[in-house]
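Overview (structure and organization)
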Amino acid sequence: MAATKTAAKMESDGKSAVSSPGKAKQTSGFLMSIVRTLSSSADFEQREKEKKRIEKAFQESDKKLGLLVKENYQDLTSILKSFSDISDKVNESRTKIKNIKEDLSSCKTLLHCKRDELRKLWIEGVEQKTIASLLDQIEQVKNVPEKLDTHFARREYLQATNCIVAAVAKLESNLSHIEALRDLKVEILARKERMHEVLIEELNRQIYTVSSQASQSRTGSGRTGSGRHGDMSLRVMMEFSDARDDTHVEDDPQKLIASLLESLYILNKTPEAAEAIKMRMHQELIAIVARASHQLVDSSGSPGENLMGQFLPRQLSDLLDIIFRQFRSVANIHDVVLANLRKIMHEKAEQSGVYIKPESMYTKRDVWSKIQAVTELLLNEYLDVRNTVKSRQQAPSNYEEATMDIGTYFTKKKTQKQKKGSLFRFDASIHALSTNSYVEDTHHFESELFGGGTMHMDTPKHVFVCKPSVDNIRSIYKQLQIFIKEVESSSALQPGESSLNEFVKNFVEDTYLGHIHYVVSNNIDIATKGFDALRNVIDHKTQKELGVPRPLLQSTVTVDKSVSELKDLMTELPDYADQFLNMICNVLRGYRDTCHNAYRGIVQYDADEKRVISAMWAKDEDISRFLRSLPSWRTLQPTNGQELNRTVCSEEEMRALNSKEAVILITNLSSDEAFIPQHEIITDVTQMRTVANVHESLEWFAVRLKNFSITKATQASQQLVVESPVYDSSPKVSQKTLESLNGIVKDFQDLSEVCLLLLHLEVRVHCFYYLMPVAKQSNYAGPIDDLDPDSNVLKLNKDLSGIEELLAASLQPSKFKYIFESLGYLVASILMNSMQFIKKINENGIKKMCRNLFAIQQNLTNITMSRESDLDHARQYYELLYLNPEKILTLIAEKGSQFTLAEYSQLLQLYHRSHFTVDQAVVDAHLKRLREVTEKGHNETV
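Counting starts from 1 at the beginning of each chain's written sequence and moves along it residue by residue. The predicted origin of the model limits local features to residues at a pLDDT of at least 70 and limits the giving and counting of side-chain atom pairs to 80 or more, whereas totals for whole chains, interfaces and linings rest on all residues. The side-chain figures draw on all heavy atoms in the structure; neither hydrogens nor water molecules are used.

Thoughts on the overall build of the protein chain
Each helix and strand counted, the protein chain has 35 helices and zero strands in total. For the exposure calls, accessible area comes from a 1.4 Å probe over protein chains only, and a residue counts as buried if that area is under 20% of its type's maximum, exposed if over 50%, partly exposed in between. A total of 942 residues make up the protein chain; the buried ones form 43% of that total. Excluding contacts between residues fewer than 6 apart, the proportion of contacts in the protein chain whose partners are at least 24 apart in sequence is 81%. What sets the accessible areas is the Shrake-Rupley method with a 1.4 Å probe; for residues, cover comes only from the shown protein chains. Here the protein chain has roughly 52600 Å² of accessible surface; of this, 53% comes from carbon and sulfur atoms. Here a strand is any run of E in DSSP of at least two residues, a helix any run of H or I of at least four, and the numbering for each starts at the N terminus. Contacts are residue-level and defined by heavy atoms, with any inter-residue pair within 4.5 Å sufficient.

Focus on the packing of helix α11 (residues 270-300) against helix α14 (residues 364-382)
Between the N-to-C directions of two axes lies an angle of 0 to 180 degrees, each axis being a line fitted to C-alpha atoms and, for a helix, fitted only over the stretch in contact. Contact pair α11 / α14: the axes reach a minimum separation of 9 Å and the direction vectors enclose 40 degrees. With respect to their mutual orientation, α11 and α14 come out oblique. Helix-helix and strand crossings are classified by hand; for α11 and α14 the assignment is right-handed. Counting all contacts with α11, which are made through Lys278, Met281, His282, Leu285, Ile286 and Val289, the residues of α14 involved are Asp366, Val367, Lys370, Ile371, Ala373, Val374, Leu377 and Leu378. Note on residue classes: Ala, Val, Leu, Ile, Met, Phe, Trp, Tyr, Cys and Pro are nonpolar, Asp, Glu, Lys and Arg are charged, and everything else, Gly too, is polar. A breakdown of the residues in the contact of α11 with α14 according to their chemical character gives 10 nonpolar, one polar and three charged. Should an angle lie under 35 degrees it is considered roughly parallel, over 145 roughly antiparallel, and from 65 to 115 roughly perpendicular; all remaining angles are considered oblique. In a left-handed crossing the near helix is turned counterclockwise from the far helix by less than a right angle, and in a right-handed crossing that turn is clockwise.

Points about the nonpolar core
One finds Phe327, Val337, Phe580, Leu588 and Leu771 to be the most contacted residues of the largest nonpolar core, which totals 213 residues. Looking at this core element by element, the count peaks at 23 residues for helix α27 (residues 735-776). Not counting residues up to four positions away in its chain, the partners in contact with Val337 are Leu203, Ile207, Ile257, Leu261, Ile277 and Tyr362. Side-chain atoms within 4.5 Å are what join buried Ala, Val, Leu, Ile, Met, Phe, Trp, Tyr and Cys residues into a set we call a nonpolar core.

Re helix α28 (residues 791-810)
Helical periodicity: at 3.6 residues per turn, an α-helix aligns residues three or four positions apart in one direction. Here the expected length of a helix is defined as 1.5 Å per residue gap, with one fewer gap than residues. With 20 residues, α28 should reach 28 Å at 1.5 Å per residue; the first-to-last C-alpha distance of 29 Å fits that figure. Those residues of α28 lying buried are Asn792, Val793, Leu796, Asn797, Asp799, Leu800, Ile803, Leu806, Leu807 and Ser810. We call two N or O atoms a polar contact when they sit within 3.5 Å, provided that within protein one can donate a hydrogen and the other can accept it, with sequence-adjacent residues counted only if both atoms are side-chain atoms. Between the side-chain oxygen at the start of α28 and the backbone nitrogen of Asn792 there is a gap of 2.9 Å, and the oxygen is on Asp790.

What to know about the confidence of the model for the protein chain
The predictor attaches a confidence to each residue, and that confidence, scored 0 to 100, is pLDDT. Model confidence for the protein chain is summarised by a mean pLDDT of 78, while 77% of its residues fall at 70 or above. In this model residues 1-20 is a low-confidence stretch, pLDDT under 50, and it forms 14 contacts with partners more than four residues away in sequence or in other chains. Between residues 720-725, whose pLDDT stays under 50, and residues either more than four places distant or in other chains, the model counts zero contacts.

Considerations on a nonpolar patch on the surface
The patches reported here contain residues having more than 30% relative accessible area and no salt bridge. Joining distances are 9 Å for like charges and 5 Å for nonpolar side chains (Val, Leu, Ile, Met, Phe, Trp, Tyr). Think of a salt bridge as a Lys or Arg side-chain nitrogen and an Asp or Glu carboxyl oxygen that are within 4 Å of each other. Among the surface-exposed residues, Leu65, Val69 and Tyr73 lie close enough to one another that they form a single nonpolar patch of about 290 Å² accessible area. Along the polypeptide, Val69 turns up in helix α3 (residues 44-71).

Structural notes on the pattern of salt bridges
Scanning all chains against the criterion turns up 22 salt bridges. Here Arg325 makes a salt bridge to Asp321, at a shortest N to O gap of 2.7 Å. Remark: Asp321 and Arg325 occur in helix α13 (residues 313-352); sequence separation between them is four residues, near one turn of the helix. The class for Asp321 is buried, based on a relative accessible area of 9%. With a shortest N-O distance of 2.8 Å, Glu886 and Arg929 are connected by a salt bridge. Separated by 43 residues along the polypeptide, Glu886 in helix α33 (residues 885-895) and Arg929 in helix α35 (residues 920-941) bring together distant segments of the chain.

Points about the packing of helix α30 (residues 823-833) against helix α31 (residues 843-864)
Axis separation between α30 and α31 bottoms out at 11 Å; the angle between their running directions is 165 degrees. Taken together, the axis directions place α30 and α31 in an arrangement best described as roughly antiparallel. Note that α30 runs across α31; the crossing there is right-handed. Between α30, through Leu823, Gly824, Val827 and Leu831, and α31, the contact on the second element is made entirely by Met849, Leu853, Ile856 and Leu860. Residues of the contact of α30 with α31, tallied by class, amount to seven nonpolar, one polar and no charged.

Considerations on unusual backbone geometry
Positioned with a positive phi, Arg155 is a non-glycine residue whose angle comes to about 60 degrees. With respect to the helices and strands, Arg155 occurs in the loop between α6 (144-153) and α7 (157-171). For Arg155, a relative accessible area of 6% corresponds to the buried category. Here the phi dihedral of Asn268 falls at roughly 60 degrees; this positive angle occurs in a residue that is not glycine. With respect to the element layout, Asn268 can be found in the loop between α10 (253-266) and α11. Using a relative accessible area of 61% as the deciding quantity, one classes Asn268 as exposed.

Topic: the packing of aromatic side chains
Each pair of aromatic rings taken from Phe, Tyr and Trp, with Trp reduced to its six-membered ring, is defined by centres within 6.5 Å and is described as stacked if the planes are under 30 degrees apart, edge-to-face if over 60, and tilted in the remaining cases. On inspection of all chains with the given rule, the structure shows 15 aromatic pairs. Consider the rings of Phe152 and Tyr157, whose centres lie 5.7 Å apart with planes at 70 degrees: the pair is edge-to-face. Plain terms: the ring middles of Tyr769 and Tyr770 are 4.9 Å apart, the flat faces sit at 80 degrees to each other, and that makes the pair edge-to-face. For Tyr770, a relative accessible area of 14% translates into the label buried.

Observations concerning the environment of Ile803
Along the chain, the position of Ile803 falls in helix α28. Its relative accessible area of 1% is what places Ile803 among the buried residues. Sequence separation between Ile803 and Thr686 is 117 residues; the distance between their C-alpha atoms is 8.4 Å.

Side note on the side chain of Ser614
Tracing the sequence through the fold places Ser614 in helix α22 (residues 613-619). Looking at Ser614, its side chain comes within polar contact range of the side chain of Glu762, at 2.4 Å. Non-local contacts of Ser614, meaning those with residues more than four positions away in its chain, are made with Leu758, Leu761, Glu762 and Val765.

Some points on α30
Among the 11 residues in α30, 11 count as buried, and that is most of the element. Those residues of α30 lying buried are Leu823, Gly824, Tyr825, Leu826, Val827, Ala828, Ser829, Ile830, Leu831, Met832 and Asn833.

Observations concerning the environment of Met772
Take Met772: it is sitting in helix α27. Overall, Met772 belongs to the buried group, its relative accessible area being 4%. On a C-alpha basis, the gap between Met772 and Ile676 in space is 8.6 Å, while along the polypeptide they are 96 residues apart.

Structure representation (structure tokens):
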């Protein structure tokens, strides 16, 4: 191993010596320096020393060389042997080369002698080679039709194009003089002229048919989330292969499109292809709509004629979902086409130096423009735009609001003259209906979407998936807005610049808002106009469905239904929520005026705006504020879903408050003046039922409106905080409109409370109406047989029973209780206060008055289901007349005062009037002692 290394080192040193002339020159220089030293040295000793030194170095070198040869003997032997073999081969090769040179020289001499014969043979060989090439080309050209068919079957369009172009080039150059190929040449040229049409047709099929089927096969026929939009990648979309063909297709449609465009460029038909694509966009997109419609109709299992007569907006939404998904796929494929056009144009521009922009042929914006146009055609049919515009009666479109307050309810309004309407119309006649049907059918037949215009024969006609209706916009508006945002983003348009957005906006603003306003106004007019409009109540079935304890006015439920529909529209068309909220405010203001007019019709008895007493009291701010401050009123007002505790006041406090209410009423009604006129009370108890129905209806309606107002206010505040970059589907309303709505809600609530106060006061005014004549007109000093209750008392009982029967069915129990609560105290106070108007009374009269009180007590007990102890108190008051003044004063001194000083004074004065006391001093003495006894008892109590 060491010998091998040494030999390698020696060989390396040898090579380096040979290859390094600088080093060899250095060694020879060293030797020459030694020679010069020896020759120039004059001293013999010095030369001897140098000689010995050189000899010593030579011996050491020889010793080292021998040692190295000994160590590397085998390697050195092998090297010498190899060198000997190489030397022998080199010598042998030199000999052979010398012989070859001699042979070549002799060949040259021989060829020079036969040059003409060789040239002739070479020429014959070239001719044979040319003939063979022509025969080969002819054979290839003959096989071109067959190859073309094979390439087209395999969809190898680029290979087919190259094949036919090469064949034409051969036929027009090398093979142009061959007459036998004339027919073949004509056939191939004809196929070349038609080939670009086949390629364009296949390109359109890939763009529209294959891509739309790919998107449909990936997602199925069901609805998909709108959030995906066009996010489906092209690679996934174009993995679809047409299952209708049994032949092999390329696995990558993107490559297929690239090969089609490359083929068209080779044929110099790229501009024609781009123009054909642009021209056929419209009809191909309409064909997509037709296919999707047939697919949806087939999946529903119903014929198109049946679906056309049914209002199924969900079907239309499904159709748009399918169409939009396919439109996105088509747009994505157009991106692929444009990208390949740019690539081809760029590559060819580098070769030719001329670059044509593909955008000069058509752009992506052109694609989205056609998509919008077809979508507008579809919407124009399904939204029934033409028929709606023609048949819809013009309704006011001013949705601005005027400020109103509750004060307008109590102001006089001028009676409006009724507009004269036409006596009859022919719109519903058989002739008009048949004519309109014919016009409509003709319109559908001539519609471009339904096969009119320039549609191809093989394009399927569109079929309806649901009934055309203007209300279809409700189910598809948000879907359209999302698609519009996508169109504007893909077309690089500013928000709102797309034609589809303009179409939808114009339809909603110019047609749909007016239509809704007309429909809602018409429904409300039907429900609120007429003599019995505010008398009709809902049936028990509707009442159960609404979950209300008492009947509501049919007009209120109709208005609430209309408002609910407008609420739904605010959610379904969020961009127009403020307009719909304005409509709601207009509807509510109109209904508020209707209720006000009904209220005025009940409480107003004169053209000079004179109202019944209870209505004037309910309007009076002081009386109204006092009544609303009473615990009985406050218990009716819910607080956090719970009623107030009725034990907020003690029995003494409640009695004091009832006493204050009675004093206020007695002060206003009990006097020496004439009795209450009949026209100042509501004599028709059915009108009181109407007031009760209005109260219950408006209270229920106000609560629903208040909840809606709070919800919208919360949403409006959230919109100010959060702004979403994507399409915001939450309703957008202005603060001004919300404030207007809140004002109208308060007006309804106030009117409802006024109605309840009216009933509360009206029952009490009835008590005054019937009981005031009891003391002023009746005879209580009559004979013994005149002991029956007073006729006015009987009339009051009958009146109260009638009111109770109607209000019990119209008011909730708590409100019914509020109407009749403390009524016994008021009756007792009226009759006790009426003692001053009784001229004389005897024992029979006392019994008659007690019978009056007992009859009223029985009736009120049946109404309130509780014993009216206040009437016992009044009866005890009148029974004191059985005693003389001395006994009365003694009783007060012993047991204390049960009545007020004024009541005792009236009692003593009536006693003296009844017993013909002439001496006024006696009367004054009794009154003086009464004050003393009363004050003494009061002081002792304190």
